[in-house]
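Each chain, written out:
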Amino acid sequence: MLRALDEGGRARDTIVIFTADNGHAPYTGWDKLVAAGHLPSGPYRGAKGDIWEGGHRVPLIMRWPGRVEAGSTSDQLVGLTDVFATLAEVIGSPLPAMAAEDSFSFLGAALGRTSAGASRTHLVNHSNHGEFAYREGPWKLVFRNQGPLAQSRGKPRTMELYHLGEDLAEKRDLAGERPAEVARLRAGLERVVKGGGSRGVSGVTNDTEVRFDRTQPERWAPALP
């Protein structure tokens, strides 16, 4: 596809984004891959569906000749929801009212601007077991179920704190050592939940009660009246 764009003279007019929607699935022959010397999650803990980095970290490669410098990198925090706002900025279109409430443009970071504007500063993750995590910079606060999902329903979640800059594999829980950091990050997640989205869009609300501090009693939470 890239060769066709180059040969057709359309490469400079075309943005190509390569990414994925989640980490590697553990049911695709994980043990055989490891035995063959391939680590499906690389240095990260967990896999698809987990609250850990191995369940969420994916490639994000953007090609736009003449605009995005080849070989450049960025440490800007990005979620896949941000593709919407990024492409809206590319075409000069404002985001619709009460829409894209979790989308931030990363165009500034992609173009290497020293001031990226209103870029993402936090990220909310969610596992297929209903667990939440909240990240700001290198800090990540995880709200873990007490055990298997069926035995955890209705019970309080356990908070764990990790510094991804020093512990990318999420092996050392720092919650007991850094209570102030735990409180700060918990308050950040509470603001996002109460605001109905990450961008604080006016008028946006949740359609059900969101409890990140305890495991949801039922599979589907009832809608708010």
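Scroll up to find the structure this text is about.
Everything quoted here is computed from the prediction, not taken from an experiment. (Residues numbered from 1 in each chain as written. Predicted model: local features only at pLDDT ≥ 70, side-chain atom pairs only at ≥ 80, totals over all residues. Heavy atoms only, no water.)

### Quick notes on the environment of Leu-77
Item 1. By secondary structure assignment, the location of Leu-77 is in the loop between strand 2 (60–63) and helix 3 (82–90).
Item 2. Note: C-alpha distance between Leu-77 and Met-1 (76 residues apart in sequence) is 28 Å.
Item 3. Setting aside residues up to four positions removed in sequence, Leu-77 forms contacts with Asp-82, Arg-120, Thr-121, His-122, Leu-123 and Arg-135. (Helix = DSSP H or I, 4+ residues; strand = E, 2+ residues; numbered from the N terminus. Contact = heavy atoms within 4.5 Å.)

### Remarks on the sheet that holds strand 4 (residues 132–136)
Item 1. Pairing in this open sheet of four strands is antiparallel, and the strands run 3-4-5-6 from one edge to the other. The sheet is open, and its two borders are formed by strand 3 (122–126) and strand 6 (158–163), each paired with just one other strand. Each strand of the sheet is rotated relative to its neighbour by a mean of 15 degrees, with strand direction disregarded.
Item 2. Pairing geometry for strand 5 (residues 139–144) and strand 6, over six bridges, is antiparallel. Its bridge partner being in strand 6, Leu-141 is matched across the sheet by Leu-161. (Pairing = 2+ DSSP bridges. Axes fitted to C-alpha atoms, helices over the stretch in contact; angles between N-to-C directions.)

### Looking at helix 3
Item 1. When we look at burial in helix 3, the residues that qualify are Asp-82, Ala-85, Thr-86 and Ala-88. Relative to the axis of helix 3, the buried residues are bounded by an arc of 160 degrees and lie together on one face.
Item 2. Looking at the buried residues of helix 3, the elements they touch are helix 4 (107–110).
Item 3. Immediately downstream of helix 3, the backbone of Gly-92 shows phi near 75 degrees, a positive value. (Buried < 20%, exposed > 50% of the residue type's maximum accessible area, 1.4 Å probe, protein only. Arc of directions from axis to C-beta.)

### Re helix 6 (residues 179–195)
Item 1. Along its 17 residues, helix 6 runs 24 Å from first to last C-alpha, staying within 8% of the 24 Å computed at 1.5 Å per residue.
Item 2. Taken together, the buried positions of helix 6 are occupied by Glu-181, Val-182, Leu-185, Gly-188, Leu-189, Val-192 and Val-193. Seen from one end, helix 6 has its buried residues packed into an arc of 135 degrees, which puts them on one side. The exposed set on the far side of helix 6, more than 90 degrees from its buried face, consists of Pro-179, Ala-180, Arg-191 and Lys-194.
Item 3. On its buried face, helix 6 is in contact with strand 3, strand 4, strand 5 and strand 6.
Item 4. Following helix 6 by one or two positions, Gly-196 has its phi on the positive side, about 75 degrees. (Expected span 1.5 Å × (residues − 1).)

### What about the pattern of salt bridges?
Item 1. Evaluation of the coordinates by the stated rule reveals 16 salt bridges.
Item 2. Measuring nitrogen to oxygen at the nearest pair gives 3.2 Å for the salt bridge that ties Arg-144 to Glu-160. Of this pair, Arg-144 sits in strand 5 while Glu-160 sits in strand 6, and the two are 16 residues apart along the sequence.
Item 3. Looking at Arg-144, the relative accessible area reads 26%, which means it is partly exposed.
Item 4. Classification of Glu-160 as buried rests on a relative accessible area of 10%.
Item 5. Beyond isolated ion pairs, a larger network of salt bridges with shared partners links Arg-186, Glu-190, Glu-209, Arg-211 and Asp-213. (Salt bridge = Lys/Arg side-chain N within 4 Å of Asp/Glu carboxyl O.)

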